[in-house]
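# Residue-level structure breakdown
These are the residues of each chain, in order.
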Amino acid sequence: MGDVVQYRLERIVDELDDLERRGLFTRCEIAEIVKQRRKFEYRLKRPSPLKQDFISYIDYETQLDSLRQLRKKAATRELVRQGKKTKTRKWVSDFASVSRIMEIYRLSLMRYKGDVELWFRYLEFCRRRKNGRMKRVLAQVIRFHPKVPGVWIYAAAWEFDHNLNVAAALALMQSGLRMFSNSEDLWIEYLRMELTYLNKLKARKVALGEDKGTLVRDRKDADEKQWREENKDLFMSLDDEEKENDDHGSDEESEKKLDLFSEHASEVADSEELREEILSDMKRDFSADPEYWDWLARLEMSEASSTGKKNEDAMLSQLQKAVQLYEEATKSVPSVMMFNLYINFLMDIIASERGEVDASSLSNHTSSYISHIWKVYEKAGTMGCLTEEIGCQYISFYTELGRLEEAKKVAEKLCSGKLSDSVKLWLLRVSVEIRFITKNSLSPCKADAVSIFELLKTVLTKMSISEAENLWIMALKFFANQKKYFDKMIELSLNSVAKYGGSENVFSLSSAVVNFILQKDGLQHAREVFLALPHPGLALYRNCIELESNLASLGNEDSLINARKLYEAALATYDQEASLWKDYHSLETKLGTSETAAAVYWCALKTIKDCCIFYFPGSVIVSVYVNQLQF
């Protein structure tokens, strides 16, 4: 190993002498360079060199070459300032670093042939340095990784942009497509390359004066064209000739098609014809996709908005065309996604009309499009495409417009139909009912309160607590100032807790009830309600413990006693909850005595199966005290 490393270092003597002779590096810097290269060479010669060893060596050589170039430019500027002539010839050090980096890449890829990222680093280096090995490296990476679409794209792009070989680029793309006919990236890049080449050909024709409407190079062709235009009567159109010669119709028709093909073959780069062909192919292939119809309709609007205020009638006409496309789409592709896209389009039109100055041309049509959205919602319902999301949008749309009575009717209709199990719809319905009742007065009358309570009772009794979390919060807030109905809601909540139980992870109805009672009636009533709650959960215990602990920290002895009782009750059920034991010990440490804290720690050690997770600051001191208790 040492002999090989020494041999490789001896080969760089001429380069180092050249660097020192030209004044780019000092002798000390050259010694440091040799030291670093020796270290990297030993790393590469070990039995199993890592990929990072090669990359680190390459990065070091790249940075060293960048420093050499900077110092070379500085030395050249200094010579020019002194009026001396600079030699433009290449020295040994000018190409030695690039050769060394290329050699390191070659060695690394001999070991890591399957690393595509390393191959692309090598290709990028060759491209930046315009190295002649680029073609050879591209051939190698295609040979080792023919199943990576990005390799074919990169090779074709280099041939097209840098090597200026369009035929080779197109051949590479077609070879890649033969292997990956379903690769979307390959097809997109192939289309982009073809269109770019088409534009280049069109620009070339314009520059040479060969396109229609530009200067004609051949004077003879221009004279012949002018003579034909002046003597139109001497020529008969193919249509007239076909009418007079029915016997030879088939021959004339084929000849006409051939002439048309010949005529338009030279104008294939015309963007309008290409656009129509692409749109026709897209309709053929994607007519069953809702996103295609949405894109097509928005394309009509984007073309209209590009003209701005100068053509308002055209913009309205294009908008009507877009709506017609959506109507056609709902008939051919009746789906939930299609109606969602249709409604979002109309919403965007109305939003732009309200917020943008450029949409002033549609200001007189806002009400018509709002009514049209209602028709779309009704159509979605009749066609069975009305989902929970669309229904919520339907109600929210009426609410935003301030039409609460219509929103109320729609919500009632939806909640009594197929979407009766939707929690979001019920929540919207209750909120609309509350807004409708409190629109004129903050305090509802008796009849309104009864109707709201019955509505909430209907939905809360048939849904689980975790599903109806927001409804419970809304109900408790609404009846907070009405004692009769608030007590009924508390009774209803107790029944729900007894029926469904509490959710420890998401929502605790018991904790919410205790908090509301604490804010409304005080601590003593909250304690009474807590004692009446069936099988309280851990979240409720923690909530009540936090309340009692806060009061105990202010000096309330009764709260400290109640907090201890709560901890004992909670630990009787959740004895393996280590965090609960830690909180109990923390309370005793702050507000109790050392004996009570040690007793809690000792009970935790005896109860918890995995004692390793039960550790906190001061446990060593407590353990000493516990050992004394054992004796």
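For clarity, every value in this text was computed on a predicted model and none was experimentally measured.

## Section: the overall build of the chain
Looking only at helices and strands, the chain features 31 helices and zero strands. For the chain, the residues scored as buried account for 36% of the 631 residues in total. Sequence separation of at least 24 residues holds for 59% of the intrachain contacts in the chain that already meet a minimum separation of 6. Of the roughly 37,900 Å² of accessible surface on the chain, a fraction of 53% belongs to carbon and sulfur atoms.

## Quick look at the state of the cysteines
The tally for this structure, following the rule as stated, stands at zero disulfides. Among the cysteines around Cys-415, which has no disulfide bond, Cys-392 carries the closest sulfur, lying 8.7 Å off.

## A few points about the packing of aromatic side chains
Under the counting rule described, the total for this entry stands at 14 aromatic pairs. On the numbers, 5.0 Å between centres and 10° between planes, the contact of Phe-40 with Tyr-57 is stacked. Placement of Phe-40 in helix H3 (residues 27–44) and of Tyr-57 in helix H4 (residues 51–81) is noted, with a sequence separation of 17 residues between them. In this structure, Phe-40 and Tyr-57 share a single accessibility class: buried. A ring pair is formed by Tyr-567 and Tyr-584, whose centres lie 4.7 Å apart and whose planes are at 10°; its orientation type is stacked. Taken together, the positions of Tyr-567 in helix H28 (residues 557–573) and Tyr-584 in helix H29 (residues 578–591) put the pair 17 residues apart, joining distant regions of the chain. For Tyr-584, a relative accessible area of 5% puts it in the buried group. One aromatic cluster is present, built from ring pairs that chain together Phe-40, Tyr-57 and Tyr-60.

## Some points on the pattern of salt bridges
Two side chains bearing opposite charge may form a pair once their charged atoms approach each other closely. The tally for this structure, following the rule as stated, stands at 25 salt bridges. When the shortest N-O distance is used, the salt bridge between Glu-15 and Arg-100 registers 2.3 Å. Taken together, the positions of Glu-15 in helix H2 (residues 13–21) and Arg-100 in helix H5 (residues 92–111) put the pair 85 residues apart, joining distant regions of the chain. Classification of Arg-100 by relative accessible area gives buried; the value is 12%. We note a salt bridge from Asp-65 to Arg-68, for which the minimum N-O separation is 3.0 Å. Of this pair, Asp-65 and Arg-68 both sit in helix H4, three residues apart, which is roughly one turn of that helix. Its relative accessible area of 2% is what places Asp-65 among the buried residues. When its relative accessible area of 6% is taken as the criterion, Arg-68 is described as buried.

## Quick look at the side chain of Glu-159
Within the fold, Glu-159 resides in helix H8 (residues 149–161). For the buried Glu-159, which has no salt bridge, the nearest side chain bearing the opposite charge is Lys-135, at an N-O separation of 4.7 Å. Within polar-contact distance, the side chain of Glu-159 engages the side chain of Asn-163 at 2.9 Å. Non-local contacts of Glu-159, meaning those with residues more than four positions away in its chain, are made with Lys-135, Leu-164, Asn-165, Ala-168, Ala-169 and Leu-172.

## Quick word on helix H7 (residues 134–144)
Taken together, the buried positions of H7 are occupied by Met-134, Val-137, Leu-138, Val-141 and Ile-142. The arc that holds the buried residues of H7, viewed along the axis, is 135°, so those residues lie on one side. Within H7, the exposed residues directed more than 90 degrees away from the buried face are Arg-136 and Arg-143. In this structure, the buried residues of H7 make contact with helix H6 (116–129), H8 and helix H9 (166–179).

Cut-off values and rules
- Chains are numbered independently. Their residues run from 1 in the order of the written sequence.
- Only residues with pLDDT of at least 70 get local features here, since the model is predicted, and only at 80 or more are side-chain atom pairs given and counted; chain-wide, interface and lining totals rely on the full set of residues.
- The basis for every side-chain value is the complete set of non-hydrogen atoms in the structure, without hydrogens or water.
- Here a strand is any run of E in DSSP of at least two residues, a helix any run of H or I of at least four, and the numbering for each starts at the N terminus.
- Each residue is placed in one exposure class: buried if its accessible area under a 1.4 Å probe, protein chains only, is under 20% of its type's maximum, exposed if it is over 50%, and partly exposed if it falls in between.
- Throughout, a contact is declared for two residues whenever any of their heavy atoms are within 4.5 Å.
- Surface accessibility follows the Shrake-Rupley procedure with a 1.4 Å probe radius. Residue values consider only the protein chains on display as shielding.
- Criterion for a disulfide: a pair of cysteine sulfur atoms at a distance within 2.5 Å.
- Think of it this way: a Phe, Tyr or Trp ring, Trp meaning its six-membered ring, pairs with another when their centres are within 6.5 Å, and the plane angle makes it stacked under 30 degrees, edge-to-face over 60, tilted otherwise.
- The term salt bridge refers to a side-chain nitrogen of Lys or Arg lying within 4 Å of a carboxyl oxygen of Asp or Glu.
- For the charge count, each Lys or Arg is scored as positive and each Asp or Glu as negative, with His and the chain ends excluded.
- Whenever two N or O atoms come within 3.5 Å, that pair is a polar contact, provided that in protein one can donate a hydrogen and the other can accept it, and provided that, for residues adjacent in sequence, both atoms are side-chain atoms.
- Our arc is simply the arc of the directions from the helix axis toward the C-beta atoms.

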